[in-house]
Amino acid sequence: MAPVARTVAVLAYPGMSVFETGIVTEVFGLPRPELGVPWYDLRLCAERPGPVPVIGGATLHSPYGLDVLAEAATVIVPGVGDVHATPSAHLVAALRHAHRAGARLMSICSGAFALAAAGLLDGRRATTHWRYADLLARRYPAVTVDPDVLYVDDGDVLTSAGSAAGLDLCVHVVRRDHGAAVANAVARRLVTAPHRDGGQAQFIETPVPARADDDRVAGSIAWALAHLAEPVTVARLARQAHMSPRTYLRHFARATGTSPIRWLVHQRIRASLALLETTDAPVAQIATTVGFETAVTYRHHFTRAMRTSPSAYRRAFRAHDGAATASVDR
């Protein structure tokens, strides 16, 4: 990134939770010279420079105001104080100015309400915390609200669901800016998953029970991850768990909120990402390496999960790594 593109401004507002700001600080604010790439320059900005009271009785103090936020290359709104209130005209103007100037705008959780109030989500698909999704859709009908995903990357405007999904989005942005190797290194330091598909569901309705049977399911999952390239069927998984297939299906769904086959498809797609990002292997070869029977099946599931093709994904992320981009979907 050029120096001017390194500036990240995050909004601080009265009554905020420091968790969302902490996420942004961990990803963009901590110096990371060991990664060997120009890192970000983080600025905490308030509508009025000075003290900002936060939840718990503490106070943050920032010398930066909305003028700095409006000129940043990346602007992050980690939430709003009241989802039922209208953001101030000053904040709306700053967000619009930043967007016109070419900034990338991001929201975490209820921060989508500020972007929507500025008109920056009109005609776009966006998300927010599932608790607020209906309200966002009612207040801003020009926004296509998707309540069932972790985050939405719409190019220059990105939105995420609840707090933890904000971490997924921030790591995703690092991936866009610096490539997979750097994003994976940051994720390892944060002890979090290097990639969670933005289309993944926000939550599982069924709670994960603590039962001895789940240990058997967990063991079968570990076995499957070690044998992704092999034919993996429900019957084989059930044998690993020492259950009948019917019993296994019931316990697997209770423990994970999904079916074994859907889970397996997702894991195989995840395993293919690193191969797309770091190798020149043909897509057909990658498909069989991670366990898909044919490249056609792989492309079908990949496109449904990632909303892009394997070759387009490779071009996007290999470009950020400085690698050749003329890959062919062979």
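For clarity, every value in this text was computed on a predicted model and none was experimentally measured. (Residues numbered from 1 in each chain as written. Predicted model: local features only at pLDDT ≥ 70, side-chain atom pairs only at ≥ 80, totals over all residues. Heavy atoms only, no water.)

Moving on, we get to the nonpolar core. In summary, soluble globular proteins display a tendency toward joint burial of nonpolar side chains. Of all hydrophobic cores here, the largest spans 35 residues; its most connected members are Leu69, Val75, Leu95, Leu115 and Leu121. Elements with a contribution of two residues or more to this core: strand E1 (7-12), helix H2 (66-70), strand E5 (74-77), helix H3 (89-100), helix H4 (112-117) and helix H5 (133-139). Sort the elements by how many residues they give to this core and H4 lands first, with 6 residues. (Core = buried A, V, L, I, M, F, W, Y, C linked by side-chain atoms within 4.5 Å. Buried < 20%, exposed > 50% of the residue type's maximum accessible area, 1.4 Å probe, protein only. Helix = DSSP H or I, 4+ residues; strand = E, 2+ residues; numbered from the N terminus.)

On E5, burial covers both faces: Thr74 and Ile76 on one face and Val75 and Val77 on the other are all buried. Summarising the sheet, E1 and E5 pair through 3 bridges and their orientation is parallel. In the strand pairing of E5, Val10 is matched with Ile76. Note that E5 and strand E6 (residues 104-107) share 4 bridges and pair parallel. Residue pairing in the sheet places Val75 in a bridge with Leu105 of E6. Note that the unit made of E5, H3 and E6 has a crossover that is right-handed. (Pairing = 2+ DSSP bridges. Right-handed = clockwise from strand over helix to strand, strands pointing away.)

Two numbers describe how helix H6 (residues 163-178) lies on helix H7 (residues 180-190): the axes approach to 7 Å, and their chain directions differ by 150 degrees. Between H6 and H7, the crossing angle belongs to the class labelled roughly antiparallel. Crossing of H6 over H7 shows right-handed handedness. Of H7, the residues touching H6 (which contributes Leu167, Val171, Val174, Arg175 and His178) are Ala180, Val182, Ala183, Asn184, Val186 and Leu190. Grouping the amino acids of the contact of H6 with H7 by side-chain chemistry returns 8 nonpolar, 2 polar and 1 charged. (Axes fitted to C-alpha atoms, helices over the stretch in contact; angles between N-to-C directions. Parallel < 35°, antiparallel > 145°, perpendicular 65-115°, else oblique. Left-handed = near helix turned anticlockwise from the far one by under 90°. Contact = heavy atoms within 4.5 Å. Nonpolar A, V, L, I, M, F, W, Y, C, P; charged D, E, K, R; others polar.)

Taken residue by residue, the chain gives an average pLDDT of 87. The fraction at 70 or more is 88%. Ignoring residues within four places in sequence, the model shows residues 200-212, a span with pLDDT below 50, making 27 contacts including any to other chains. Across residues 322-330, where pLDDT falls below 50, the model places 15 contacts with residues more than four positions away in sequence or in other chains. (pLDDT = per-residue confidence, 0-100.)

This part covers the pairing of strand E3 (residues 50-53). Successive residues of a regular strand alternate their side chains across the two faces of the sheet. Inspection of the sheet shows E3 paired to strand E4 (residues 59-62) by 4 bridges, in the antiparallel sense. Each bridged residue has a counterpart across the sheet, and for Val52 the counterpart in E4 is Leu60.

This next bit is on the side chain of Thr256. Tracing the backbone shows Thr256 in helix H10 (residues 245-256). On the accessibility criterion, Thr256 (18% relative accessible area) is buried. A polar contact of 2.8 Å, which involves the side chain of Thr256, links it to the backbone oxygen of Phe252. In this structure the side chain of Thr256 is engaged in a polar contact, spanning 3.3 Å, whose partner is the backbone nitrogen of Thr258. (Polar contact = N/O pair within 3.5 Å; in protein donor to acceptor, adjacent residues only side chain to side chain.)

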